[in-house]
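Understanding the architecture of this molecule
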There are 2 protein chains.
Amino acid sequence: MSKPLDYENLNENVKKCQYAVRGELYLRASELQKEGKKIIFTNVGNPHALGQKPLTFPRQVIALCQAPFLLDDPNVGLVFPADTIARAKHYLSLTSGGLGAYSDSRGVPGVRKEIADFIERRDGYPSDPELIFLTDGASKGVMQILNSIIRGEQDGILVPVPQYPLYSATISLLGGSLVPYYLEETANWGLDIVNLRESVSQARSQGITVRAMVIINPGNPTGQCLSEANLKEVLQFCYQNNLVLLGDEVYQQNIYQDERPFISARKVLMDMGGPISKELQLVSFHTVSKGYWGECGQRGGYFEMTNIPPKTVEEIYKVASISLSPNVPGQIFLGLMVNPPKPGDISYERFVRESKGILESLRRRAQIMTDGFNSCRNVVCNFTEGAMYSFPQIRLPPKAIEAAKKAGKVPDVFYCLKLLEATGISTVPGSGFGQKEGVFHLRTTILPAEEDMPPIMTSFKKFNDEFMEQYEDYRGYSRM
Amino acid sequence: MSKPLDYENLNENVKKCQYAVRGELYLRASELQKEGKKIIFTNVGNPHALGQKPLTFPRQVIALCQAPFLLDDPNVGLVFPADTIARAKHYLSLTSGGLGAYSDSRGVPGVRKEIADFIERRDGYPSDPELIFLTDGASKGVMQILNSIIRGEQDGILVPVPQYPLYSATISLLGGSLVPYYLEETANWGLDIVNLRESVSQARSQGITVRAMVIINPGNPTGQCLSEANLKEVLQFCYQNNLVLLGDEVYQQNIYQDERPFISARKVLMDMGGPISKELQLVSFHTVSKGYWGECGQRGGYFEMTNIPPKTVEEIYKVASISLSPNVPGQIFLGLMVNPPKPGDISYERFVRESKGILESLRRRAQIMTDGFNSCRNVVCNFTEGAMYSFPQIRLPPKAIEAAKKAGKVPDVFYCLKLLEATGISTVPGSGFGQKEGVFHLRTTILPAEEDMPPIMTSFKKFNDEFMEQYEDYRGYSRM
């Protein structure tokens, strides 16, 4: 007799969801690593796993918060600068019971206040700490908000394609419908409103109520930065179509060009003024995992709600309460991120030096990687304007597509698996993010150490050009 | 026009779920605290919030893991004992990138191995690290497993009444059906199999497919410890009825009597041998939040799967991957909890002294509290055999029930609110956990500092006896 937790009896939504970032390629890479092969894990934006050192200041503060008995140790000054001691005391005073006590389910009130102050400095408009909820990483917040929105399969969520598969997976898990809108590769992955309109009409003709729209800015996996004009169009579109806007802004610190600095959806909305600024429902997400801090393992995130009615905020609070509270150390990290050392603080210079070092290197790495891809046969790649990914298009020859079919693989999976076996470079096939029919990509992070980057790109080029040599018949490429 | 995140448009399952531990009483207590009233928060098992000091050893290790640069500091030995330095190096060597890197979505492999070793020592049977998944607190694991099981409202989960409302809330959120089975207050909250059978038949007659059974051992809110014989009956019952058993064993360290030491459902199952031991599907939960460590804010938990088929384990792994990884510091805490200092280690004596101090005090506090409640008019209370709660029955006079009705409150909510206003003691009304019709309780933790306990109980008795005086008409009590 089949049992409740046998595969055939599982919740179908669980079975349906897909998450390629840790899918077939990652699992194969883990196997190869166990067998002793050197693997370069560029499948997930996980900077410390690729050797990035943590920033010293926040780690000193959190270490002291974890060991509060050190604050009275006469020797503490020998290993911790005075401003880190003061900061640790500050955060402990905000908690009731230190890092070992559950906080309020929305997060430590004092940290939410620091975040509100940061948002106000960033956007020029006050922010209400009562509308900021802390979470175990931004993903958990996205899941919670989508859970409030999605009532069944007739509810649709507009998601960019290519997209970060958190969205497709969560929508499947919650039994909703994903409504794709395509980003324009030839316009550096820009967002085209005409395209958006078509997506919504098509969904409606299929009986779907489109209820929300997701934007990822800077883009994942596509790395583009949205312009202010583009954001304004998006906000107007959401307002006209009665959509909640979910603004995934987790890469806001990582910008590698000067033409389009990061601008938050909330600031653009407030700048617009009038009824839209008081009515459009917006939820914005941020985290300590992304940005140049890269503190992924700490799982600290938050979301900020704009124009969400109090009764709904109460419901979201209630659901947050069921899992008691987000981890408190991750909350302190968020406080530190939005309130870093100031000029004159003992730790200021070191903090700035370390921060600049990482950000400037990421900018160089974005360039090395894009240039590297564009030097390869049948590969074209937009410049990584922000975030931490490169998303080259791989123009697979018909013979390669045929070979993939024979091997029972999606063509880009076939390519990425061969790349992995040949070079140890672990990427994510573009099909995991969604792409136009017949067009193939892969996603890689720009996170390997800067000195490793040239040999990685050489190794990639060697593999790719040989692959193309092998499968090309000189009669044509796959569709452009 | 109503908007997607307006209350009336929210997912109905979100609106339906209730979580009393942070419900009306907690919200009122938070308000009173803001107004300057001294509140004793005994609504939630949150030891550090009530002044319990963290254990020194694990905090030293985690502080060093957060500040790996200290490991090379010539002064580190002045503030950290050598064995904590060795341990920090050990855990850092298990991660790939330290605490700032996402781990495998199931948790750090080396920590899962330490947990498997602990389970083997505890139960006398080997445990497979591949079947142990780490989570951000045990609640997240419970939610994940229930999400795999529940397909719709026809799927029923057997849950004890009174129960910890994580279960009722999660079942509502996932759109399943809660099938209650009553614990026997007169038999010290024992679990009666006849009762269980009746619950299942009744659910089946309503068209519900009962798929899983939850046990909480030691009990929350009831504090009872299940005997080996009782566990055997439960396992057999689950086997006969094709149910997955979910064993919530988060209080396994906290036992305040010697007749019924903690015994895991898994050990009893393995001891039974035969087909049941190879077929019954069991998922067991544990955490660093509960137990005498009380490290709630760190959000470290795990679940262990027994007799769950590999294809299902893969699906659970896939869903875990969507939120990337549980927080890494919480994982290290779990490693430390299952692998504490050993005799001969520098930190051993201090660790044992601190541990004993907390556990022995909790045992005394369990006694003080039970005795205190039983000295009150119209209050009867079973002894807290384990966990960290006392769950006295409050025999409310008919006049009090009438007064509550007039005030528009459930009678136990009415009583607990008055208690809160009069004394600052923040409890959870029994109705938040479920109770038999016409019987009233409250739940309080046994966690206030030992020296605060006598005045708290005096203050409680004074309030209660005056309350009873006020509402009693000497003609009879509420139903016994």
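Residues numbered from 1 in each chain as written. Chains lettered and ligands numbered in written order. Predicted model: local features only at pLDDT ≥ 70, side-chain atom pairs only at ≥ 80, totals over all residues. Heavy atoms only, no water.

- Going by the annotation in an unreviewed UniProt entry, the name recorded for chain A is Glutamate--glyoxylate aminotransferase 2, with Abeliophyllum distichum given as the source organism.
- You can read under Subunit (unreviewed entry) in the UniProt record for chain A the words "Homodimer."
- Entered under Cofactor (unreviewed entry) in the UniProt record, the comment concerning chain A runs "pyridoxal 5'-phosphate". (UniProt positions renumbered as here; feature names shortened; annotations may be inferred.)

**Some points on unusual backbone geometry**
- For the peptide bond that leads from B:Val161 to B:Pro162, omega is 5°, which places it in the cis range.
- Along the chain, B:Pro162 falls in the loop between β3 (155–161) and α8 (166–173).
- A cis amide bond, omega -10°, links B:Asn217 with the succeeding residue B:Pro218.
- Examined against the element boundaries, B:Pro218 turns out to sit in the loop between β6 (209–216) and α10 (228–240).
- You will see that A:Asn242, though not glycine, has its phi angle at about 55°, which is positive.
- As for its placement among the helices and strands, A:Asn242 is situated in the loop between α10 (228–240) and β7 (244–248).
- Of note in the backbone geometry, A:Asn307 takes a positive phi value of approximately 60° without being a glycine.
- Its place among the elements puts A:Asn307 in the loop between β9 (301–306) and α13 (310–322).
- Assessed through its relative accessible area of 24%, A:Asn307 is described here as partly exposed. (Helix = DSSP H or I, 4+ residues; strand = E, 2+ residues; numbered from the N terminus. Buried < 20%, exposed > 50% of the residue type's maximum accessible area, 1.4 Å probe, protein only.)

**Quick look at helix α7 (residues 138–149) of chain A**
- Along its 12 residues, α7(A) runs 17 Å from first to last C-alpha, staying within 8% of the 16 Å computed at 1.5 Å per residue.
- With 12 of 12 residues buried, α7(A) is to be regarded as a mostly interior element. (Expected span 1.5 Å × (residues − 1).)

**A short note on the sheet that holds strand β11 (residues 389–390) of chain A**
Residues and elements named next belong to chain A.
- Reading across the sheet, the 3 strands line up as β11-β15-β14 and stay open at both edges, with antiparallel pairing between neighbours. This sheet does not close on itself; its edge strands, each paired only once, are β11 and β14 (428–429).
- Pairing geometry for β14 and strand β15 (residues 442–445), over 2 bridges, is antiparallel. Across the sheet, proline 429 pairs through a bridge with leucine 442, a residue of β15. (Pairing = 2+ DSSP bridges.)

**Observations concerning the relation of the copies chain A and chain B**
- Of the transformation superimposing chain A on chain B, the axial component is 0.0 Å and the angular component is 180°, with the fit at an RMSD of 0.0 Å. This pairing of chains is accounted for by a two-fold axis. The rotation axis passes nearest to the C-alpha of A:Ala63 in chain A, at a distance of 2.1 Å.
- Mapped onto chain B, 100% of the interface residues of chain A are again interface residues, and the two copies thus contact each other with one and the same surface. (Least-squares fit on C-alpha atoms with pLDDT ≥ 70 in both. Contact = heavy atoms within 4.5 Å.)

**Observations regarding the packing of aromatic side chains**
- Per the stated rule, a full pass over the model turns up 34 aromatic pairs over all chains.
- Consider the rings of A:Phe467 and A:Tyr471, whose centres lie 4.7 Å apart with planes at 50°: the pair is tilted. Of the two residues, A:Phe467 and A:Tyr471 are both situated in helix α18 (residues 453–471); the distance of 4 residues between them amounts to about one turn of the helix.
- Members of the aromatic cluster, joined through ring pairs, are A:Phe414, A:Tyr415, A:Phe463, A:Phe467 and A:Tyr471.
- The ring centre of A:Tyr7 lies 4.5 Å from the NZ or CZ of A:Lys15, which sits over that ring.
- Taking the ring centre of B:Tyr317 as reference, the NZ or CZ of B:Arg106 above it sits at 4.1 Å. (Phe/Tyr/Trp six-rings, centres within 6.5 Å; stacked < 30°, edge-to-face > 60°. Lys NZ or Arg CZ within 6 Å of the ring centre and 35° of its normal.)

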